[in-house]
Amino acid sequence: LLNDEEETHTLNDIPRVLINPSFRKSLLAKNSDPMVNEFWEKEAEKAGGEMALANIAPYINSKMNPFLANDLIRPIVGQKHSSVDFRKIMDENKILIVNLSKGLLGDTNSYLLGMIVVGKVLMAAFSRVEMPEEQRKDFYLYIDEFQNITTDTIGTIFSEARKYHLNLVVANQFLGQLKESILKSIFGNAGTIIAFRVGNEDGNVLAKYFEPVFSAYDLLNLDNFNAYVKMITSGETSRAFSLRLIPPPKTDSAKILALKNLSSFRYCRLRQEVEKEIRERYQELPKV
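Read on for a plain summary of the structure. None of the values given here were measured: they were computed from a predicted structure. (Residues numbered from 1 in each chain as written. Predicted model: local features only at pLDDT ≥ 70, side-chain atom pairs only at ≥ 80, totals over all residues. Heavy atoms only, no water.)

1. A look at helix α14 (residues 271–283)
Consideration 1: Helix length check: α14 (13 residues) gives 19 Å between terminal C-alpha atoms against 18 Å at 1.5 Å per residue, within 8%.
Consideration 2: Restricting attention to buried positions, one finds in α14 the residues V274, E275, I278 and R281. For α14, the buried positions fall inside an angular range of 120 degrees around the axis, keeping them on one side. Opposite the buried face of α14, at more than 90 degrees from it, the exposed residues are Q272 and Q283.
Consideration 3: In this fold, the buried residues of α14 make contact with α1 (13–19) and α5 (74–77). (Helix = DSSP H or I, 4+ residues; strand = E, 2+ residues; numbered from the N terminus. Expected span 1.5 Å × (residues − 1). Buried < 20%, exposed > 50% of the residue type's maximum accessible area, 1.4 Å probe, protein only. Arc of directions from axis to C-beta. Contact = heavy atoms within 4.5 Å.)

2. Details of helix α4 (residues 53–68)
Consideration 1: The largest bend in α4 amounts to roughly 35 degrees and is located at S62, with the proline P66 lying one to four residues further along.
Consideration 2: Burial in α4 covers these residues: L53, A57, N61, M64, F67 and L68.
Consideration 3: Elements in contact with the buried residues of α4: α1, α2 (21–30), α3 (34–44), α5 and α8 (107–126). (Bend = angle between axes of the 7 residues up to and from the residue.)

3. What about the packing of aromatic side chains?
Aromatic ring pairs: the centre-centre distance and the angle between the two ring planes describe each pair.
Consideration 1: Evaluation of the coordinates by the stated rule reveals five aromatic pairs.
Consideration 2: Ring geometry for F187 and Y209: centres 4.7 Å apart, planes at 10 degrees, overall stacked. One end of the pair, F187, is in helix α10 (residues 180–189); the other, Y209, is in helix α11 (residues 200–210), with 22 residues separating them in the sequence.
Consideration 3: Here F187 falls in the partly exposed class, since its relative accessible area comes to 22%.
Consideration 4: When the ring centre of F23 is taken as reference, the NZ or CZ atom of R16 above it lies at 4.1 Å. (Phe/Tyr/Trp six-rings, centres within 6.5 Å; stacked < 30°, edge-to-face > 60°. Lys NZ or Arg CZ within 6 Å of the ring centre and 35° of its normal.)

4. Let's talk about the sheet that holds strand β4 (residues 226–230)
Consideration 1: Overall, antiparallel pairing links the three strands, which are arranged β3-β4-β7 in an open sheet. A strand with exactly one partner marks an edge of an open sheet, and here the two such strands are β3 (193–195) and β7 (241–244). Averaged over neighbouring strand pairs, the angle between their axes works out to 30 degrees when direction is ignored.
Consideration 2: Where β4 and β7 come together, four bridges link them in antiparallel fashion. (Pairing = 2+ DSSP bridges. Axes fitted to C-alpha atoms, helices over the stretch in contact; angles between N-to-C directions.)

5. Topic: the environment of V170
Consideration 1: Position of V170 relative to the elements: it lies in strand β2 (residues 166–170).
Consideration 2: What makes V170 partly exposed here is its relative accessible area of 27%.
Consideration 3: Along the primary structure V170 and L222 are separated by 52 residues, whereas in three dimensions their C-alpha atoms are 20 Å apart.
Consideration 4: Discounting residues that sit within four places of it in the chain, V170 has contacts with I143, F146 and F158.

6. Topic: unusual backbone geometry
Consideration 1: For the bond from E211 to P212, the omega torsion is 0 degrees, close enough to zero to count as cis.
Consideration 2: Phi is positive for E145, close to 50 degrees, though the residue is something other than glycine.
Consideration 3: The residue E145 is located in the loop between β1 (139–143) and α9 (152–160) in this model.
Consideration 4: With a phi close to 60 degrees, H165 is a non-glycine residue in the positive phi region.
Consideration 5: Along the chain, H165 falls in the loop between α9 and β2.

Structure below.
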C-alpha cells in the first residue's frame, strides 16, 4: 500500500490486502520492491496450516474492525488526503482541538486515535530539524486524561522534543494510572509540577518535590481550586508556592458555535461525500 505511487491508500485498504486476491495482485503488479513481492507470492500466499493467509487474515482484521467499522471513525481514517497539516499548525500558531471522549468514540477508538494524533505531532516537531532553532516557534501540546494515551512515544517527547520547541502539558488523576517507565520520564524531565489535592499514596510521592515548604499532609488537605507549584525559572529551581485559580470565564455559546462552523467550512468535507468515496473504492474491481 505504501509503495503504490499511483494511488493513495488508507487504513480501510489493509483488510482488502489480506482478503481480496484481485486487489492484492493489482498492488503487487505495480510494486517495485522485490522483498515485498517475494513475501506475498512465495510466503504469505503459499503458507499452509494454521499460518495460512485464510486463517491469519480474519484474526488481523478482527483487531482492526472495531476501529474501521465505527461510523464516526471510518470517515476520518478513510479519507485519502487529510486537511490537517500538523507542521503548518505548529509553524503558524494555529490551534487544534481533538475530542477523544470515550463516551463518543469508545475506549479502543479513543486510544488509537490519540496515539495517531500524538505521533503526528511528534513527527511534525522532529521535521523542524532543518529549521534554525531561533526560527522554531513554541508549540504547546496539552493532553488531558493523559493516562489514556500513554505510549513509549510520550517518553520520547519528554526527553527530546524540547529542542524542537514542542512543549508538553499533561494532566491525570493519580500516579498509579501510569506505567513506572512513564513516571520516571515525567519526573526526570518535567520543569514545572502542579499538584492539586491528591490521595495518601500520591501525597507521599509528591511531597519530596515540594519539601520543605509543603508536606504530604498539606497535599492531602488542599481546598478546591487550590494547588501547589514547583517551577524552574531561568534554569533555576524556585521555592514551592501555593496557587489559587481564578474562576473560569463564562462560556459564549454563540461564539463557540460560530467558530466550530467556520472551522468545519474551511477544513471539513461532508460525511456523505466521504462515505460515497469509500463505497466507490470498494466497488472498483482492479484489473491485473
